[in-house]
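Take a look at the letters that make up each chain.
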Amino acid sequence: MSQGWIKDAISIYREGWYSARQLSYRQGEASCLQSLAEAYFCLGDVEKAKKYNKQSVK
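Residues numbered from 1 in each chain as written. Predicted model: local features only at pLDDT ≥ 70, side-chain atom pairs only at ≥ 80, totals over all residues. Heavy atoms only, no water.

1. Some thoughts on the side chain of Ser56
As a reminder of what qualifies: Under the scheme used here, helices are H or I runs from DSSP no shorter than 4 residues and strands are E runs no shorter than 2 residues, and both carry numbers assigned from the N terminus. Whenever two N or O atoms come within 3.5 Å, that pair is a polar contact, provided that in protein one can donate a hydrogen and the other can accept it, and provided that, for residues adjacent in sequence, both atoms are side-chain atoms. Should any heavy atoms of two residues lie within 4.5 Å, those residues are counted as being in contact.
Tracing the backbone through its elements, the reader meets Ser56 in helix α3 (residues 46-57). Within polar-contact distance, the side chain of Ser56 engages the side chain of Gln34 at 3.1 Å. Residues in contact with Ser56, not counting those within four places in the same chain, are Ala30, Leu33 and Gln34.

2. Topic: unusual backbone geometry
Stated formally: Categorising residues by exposure relies on relative accessible area from a 1.4 Å probe, with only protein chains included: less than 20% of the type maximum marks a residue as buried, more than 50% marks it as exposed, and the intermediate range marks it as partly exposed.
With a phi close to 55 degrees, Ser24 is a non-glycine residue in the positive phi region. For Ser24, the location among the structural elements is in the loop between α1 (2-22) and α2 (26-42). A residue is classified by how much of its surface remains accessible, and Ser24, at 57% relative accessible area, is exposed.

3. Concerning the nonpolar core
For the record, the criterion: Put simply, a nonpolar core is a bunch of buried Ala, Val, Leu, Ile, Met, Phe, Trp, Tyr and Cys residues held in one set by side-chain atoms that sit within 4.5 Å of each other.
With ten residues, the main nonpolar core is built from Ile10, Trp17, Cys32, Leu33, Leu36, Ala37, Ala39, Tyr40, Ala49 and Tyr52. For this core, the elements supplying multiple residues, two or more each, are α1, α2 and α3. With six residues, α2 is the single largest residue contributor to this core. Ignoring sequence-local partners within four residues, the contact set of Cys32 consists of Tyr13, Gly16 and Trp17.

Dropping the structure here:
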């Protein structure tokens, strides 16, 4: 059940990331990317977690 919630959260964070990119809101982008990294880490996908974490730092 919690995996479903995490996957739902990933969809929401992706939408937020897309919106932040469209608005050129860099802090919002970084926040969404970090949240995506944490969500993927919770699912056990360390590679995607690292990818989004690195993007959030940029």
